[in-house]
Amino acid sequence: MGLIRNLQPERSSEQDEPSRFEEAILPHLDAAYNLARWLTRNDQDAEDMVQEACLRAFKSFDGFYGVKAKAWLLTIVRNTCYTWLGKNRVHDLSTSLDEDVHQAESHVPDPQALLLRFEDNQALRQALEELPAEFREVLILRELEGLSYKEIADVTGIPQGTVMSRLARARGRLKLSLADRMKKER
């Protein structure tokens with residue numbers, strides 16, 4: 001047995017890297033694009049950001065140890081998008097404090113009830129796109145990508161409490177926005 005093992009050509013770790021990378025990262029490209037699309041609000045920019053993020057991920061893949069590939073890739077996508085937004089669209093990164101969200105009237109239905117009644121997906125998309133990037137990203141990571149609060153905290157680099165706070169504020173803003181749209185359509 002030892003002789004057979006010695007006769008087999010040695011596989012270099014460099015040859016294994018591309019296949020390890022593909023195995024770990026390719027299943028999460030849809031999630032990467034989804035996050036990039038919601039952060040950049042543009043299909044072409046999102047594709048560019050995912051491509052750039054994949055290049056960055058491949059270059060630093062030797063530091064990846066196979067744990068939580070999705071969260072690792074989404075962290076790189078997020079950072080790539082924010083770097084690009086900071087250079088190209090600074091206004092997308094600013095957040096204004098909206099106290100109306102915290103004092104929303106209690107008669108407004110919760111977001112799930114609104115979504116069930118609200119049939120216009122385009123209006124939902126528009127309401128999501130109007131959210132500031134920091135709120136939009138946590139909502140997308142939680143509701144569309146199914147990440148836990150801890151995973152979102154790891155991806156965004158913020159404490160779990162901040163994740164929960166941003167989610168609450170994002171849901172509140174979304175709730176008010178959808179409620180306002182419903183009132184206008186009546």
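The structure reproduced in this document is the subject of the present report. Please read these numbers as outputs of a predicted model, since none were measured by experiment. (Residues numbered from 1 in each chain as written. Predicted model: local features only at pLDDT ≥ 70, side-chain atom pairs only at ≥ 80, totals over all residues. Heavy atoms only, no water.)

**Brief notes about the overall build of the protein chain**
When you go through the protein chain residue by residue, the secondary structure sums to eleven helices and zero strands. Secondary structure elements in the protein chain, listed N-terminal to C-terminal, are α-α-α-α-α-α-α-α-α-α-α. Within the protein chain, the fraction of its 186 residues that count as buried is 40%. Put simply, of all contacts in the protein chain between residues at least 6 apart along the chain, 73% involve residues at least 24 apart. (Helix = DSSP H or I, 4+ residues; strand = E, 2+ residues; numbered from the N terminus. Buried < 20%, exposed > 50% of the residue type's maximum accessible area, 1.4 Å probe, protein only. Contact = heavy atoms within 4.5 Å.)

**Some remarks on the nonpolar core**
In this structure, Ala 36, Leu 74, Val 77, Leu 139 and Leu 141 are the most contacted members of the largest nonpolar core, which totals 45 residues. Secondary structure elements with two or more residues in this core: α2 (13-25), α3 (29-40), α4 (43-59), α5 (69-88), α8 (121-130), α9 (133-144), α10 (149-156) and α11 (160-185). Of the residues forming this core, the biggest block, nine residues, is contributed by α5. Two domains share this core, each providing at least three of its residues, namely domain 1 (17-92) and domain 2 (101-185). (Core = buried A, V, L, I, M, F, W, Y, C linked by side-chain atoms within 4.5 Å. Domains from an automatic or database assignment.)

**Examining the pattern of salt bridges**
Going through the model one piece at a time under the given rule, you end up with ten salt bridges. Between Glu 143 and Arg 171 there is a salt bridge whose closest N-O contact spans 2.3 Å. One end of the pair, Glu 143, is in helix α9; the other, Arg 171, is in helix α11, and 28 residues separate them in sequence. Judged by its relative accessible area of 28%, Arg 171 falls in the partly exposed class. Measuring nitrogen to oxygen at the nearest pair gives 3.3 Å for the salt bridge that ties Asp 154 to Lys 150. A residue pair is termed a helical-turn pair when its members lie 3 or 4 positions apart in one helix, as Asp 154 and Lys 150 do in helix α10 at four residues. Owing to a relative accessible area of 48%, Lys 150 belongs among the partly exposed residues under this scheme. (Salt bridge = Lys/Arg side-chain N within 4 Å of Asp/Glu carboxyl O.)

**Quick look at the packing of aromatic side chains**
One pass over the structure, following the stated rule, counts five aromatic pairs. Aromatic pair Phe 64 and Trp 72: ring centres 4.7 Å apart, planes at 35°, arrangement tilted. Looking at Phe 64, the relative accessible area reads 6%, which means it is buried. By way of ring pairs, the aromatic residues Phe 21, Phe 58, Phe 61, Phe 64 and Trp 72 are connected into one cluster. The cationic tip of Arg 142 hangs over the ring face of Tyr 149; the distance from NZ or CZ to the ring centre is 4.5 Å. (Phe/Tyr/Trp six-rings, centres within 6.5 Å; stacked < 30°, edge-to-face > 60°. Lys NZ or Arg CZ within 6 Å of the ring centre and 35° of its normal.)

**Some points on α4**
An ideal rise of 1.5 Å per residue puts 24 Å on 17 residues; α4 measures up with 24 Å between its terminal C-alpha atoms. Turning to α4, its buried residues are Asp 45, Ala 46, Met 49, Val 50, Ala 53, Cys 54 and Ala 57. Where α4 begins, the side chain of Asn 42 points an oxygen toward the backbone nitrogen of Gln 44, at a separation of 2.9 Å. (Expected span 1.5 Å × (residues − 1). Polar contact = N/O pair within 3.5 Å; in protein donor to acceptor, adjacent residues only side chain to side chain.)

**Observations concerning α5**
Its 20 residues give α5 an end-to-end C-alpha distance of 28 Å, which sits within 8% of 28 Å, the value for a rise of 1.5 Å per residue. Residues of α5 that are buried include every one of Ala 69, Ala 71, Leu 73, Leu 74, Ile 76, Val 77, Arg 78, Thr 80, Cys 81, Tyr 82 and Leu 85, and no others.

**Points about the packing of α3 against α5**
Remark: α3 packs on α5, axes separated minimally by 9 Å, with the N-to-C direction vectors making an angle of 25°. In terms of their interaxial angle, α3 and α5 are classed as roughly parallel. Of the two elements, α3 crosses α5, and the hand of that crossing is right-handed. Touching Leu 29, Ala 31, Ala 32, Leu 35, Ala 36, Leu 39 and Thr 40 of α3 are Lys 70, Leu 73, Leu 74, Val 77, Arg 78, Cys 81, Tyr 82, Trp 84 and Leu 85, all from α5. When the residues that make up the contact of α3 with α5 are grouped by side-chain class, the tally is 13 nonpolar, one polar and two charged. (Axes fitted to C-alpha atoms, helices over the stretch in contact; angles between N-to-C directions. Parallel < 35°, antiparallel > 145°, perpendicular 65-115°, else oblique. Left-handed = near helix turned anticlockwise from the far one by under 90°. Nonpolar A, V, L, I, M, F, W, Y, C, P; charged D, E, K, R; others polar.)

**Thoughts on unusual backbone geometry**
Positive phi, normally seen in glycine, also occurs at Arg 41, with a value near 65°. Relative to the elements of secondary structure, Arg 41 occurs in the loop between α3 and α4.

Take it as geometry only, folks, not as evidence of what the structure does.
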